Amino acid sequence: EYQKEVNDLRRGWLGKSRKKSGLKPHWNALSRLSRYILITFFLALSLIVGTLVFNPRAAFSWPDAVVLGATFLQSFLVLFVVHWIFHKSDLSLDAVIKFFAAGFLIAVPSAFLFEGIL
């Protein structure tokens, strides 16, 4: 369903067709799962920040929000530098989102487990 858009973007990056600009072509080149992952991420982030702002009794403070934001900012910055700048035509953004989500799904429980043991 989305492979044609991915190939169009890849050919544009390689200079073999007219390059499309903006975020719309990238959104169209995402699978339904990647769109769900992105929407869920932004909704969860909005819910966390909303809880911080509107619930004064929350056990989540502004320093916690800064740490959360810095954690994701660091991850997204690495993804931006590696994927967007250097290897844009090697791997689709759809695959990058899925790999990032799978890695996050594996790494978070592992980190909790190892921190609990140590």
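Check the entry above for the structure.
Residues numbered from 1 in each chain as written. Predicted model: local features only at pLDDT ≥ 70, side-chain atom pairs only at ≥ 80, totals over all residues. Heavy atoms only, no water.

Draft legend 1. The arrangement of helix α3 (residues 32–54) in detail. Under the 1.5 Å per step criterion, the end-to-end length of α3 is 32 Å for 23 residues, consistent within 8% with the ideal 33 Å. For α3, the complete set of buried residues consists of Ser34, Phe41 and Leu52. (Helix = DSSP H or I, 4+ residues; strand = E, 2+ residues; numbered from the N terminus. Expected span 1.5 Å × (residues − 1). Buried < 20%, exposed > 50% of the residue type's maximum accessible area, 1.4 Å probe, protein only.)

Draft legend 2. Spotlight on the packing of aromatic side chains. Tallied over the entire structure, the rule returns seven aromatic pairs. A ring pair is formed by phenylalanine 41 and phenylalanine 72, whose centres lie 4.9 Å apart and whose planes are at 65°; its orientation type is edge-to-face. Of this pair, phenylalanine 41 sits in helix α3 while phenylalanine 72 sits in helix α4 (residues 62–86), placing them 31 residues apart in sequence. For the pair phenylalanine 41 and phenylalanine 72, one class covers both residues: buried. Judged by centre distance (5.7 Å) and plane angle (35°), the ring pair of phenylalanine 72 and phenylalanine 104 falls under tilted. Of this pair, phenylalanine 72 sits in helix α4 while phenylalanine 104 sits in helix α5 (residues 93–117), and the two are 32 residues apart along the sequence. Owing to a relative accessible area of 40%, phenylalanine 104 belongs among the partly exposed residues under this scheme. (Phe/Tyr/Trp six-rings, centres within 6.5 Å; stacked < 30°, edge-to-face > 60°.)

Draft legend 3. Molecular detail of α5. Over its 25 residues, α5 extends 36 Å from the first C-alpha to the last, a length consistent with the 36 Å expected when each residue adds 1.5 Å. Listing the buried residues of α5 in full gives Asp94, Ala95, Val96 and Ile97.

Draft legend 4. Focus on the layout of surface pockets. Approximately 1100 Å³ is the volume attributed to the largest pocket. As for the largest pocket, its lining consists of 32 residues, and the residues nearest its centre are Leu38, Phe41, Phe72, Phe76 and Phe100. Those elements that provide at least two residues to the lining of the largest pocket are α2 (24–28), α3, α4 and α5. Top element by residues in the lining of the largest pocket is α4. It accounts for 10 residues. Across the lining of the largest pocket, the residue classes break down as 27 nonpolar, four polar and one charged. (1 Å grid on protein atoms, 1.4 Å probe; cavity = no way out; pocket = protein on both sides within 12 Å on 5 of 7 lines; lining within 4 Å. Points joined across faces, edges and corners; volume = space filled by probe spheres on them. Nonpolar A, V, L, I, M, F, W, Y, C, P; charged D, E, K, R; others polar.)

Draft legend 5. Region of interest: the packing of α3 against α5. Running from amino to carboxyl end, α3 crosses α5 at an angle of 55°, the nearest separation of the two axes being 9 Å. With respect to each other, α3 and α5 are oriented oblique. As for the relative orientation of α3 and α5, their crossing is left-handed in sense. Residue-level inspection shows Leu33, Ser34, Ile37 and Leu38 of α3 in contact with α5, the latter providing Asp94, Ile97, Lys98 and Ala101. The residue makeup of the contact of α3 with α5, split by class, is five nonpolar, one polar and two charged. (Axes fitted to C-alpha atoms, helices over the stretch in contact; angles between N-to-C directions. Parallel < 35°, antiparallel > 145°, perpendicular 65-115°, else oblique. Left-handed = near helix turned anticlockwise from the far one by under 90°. Contact = heavy atoms within 4.5 Å.)

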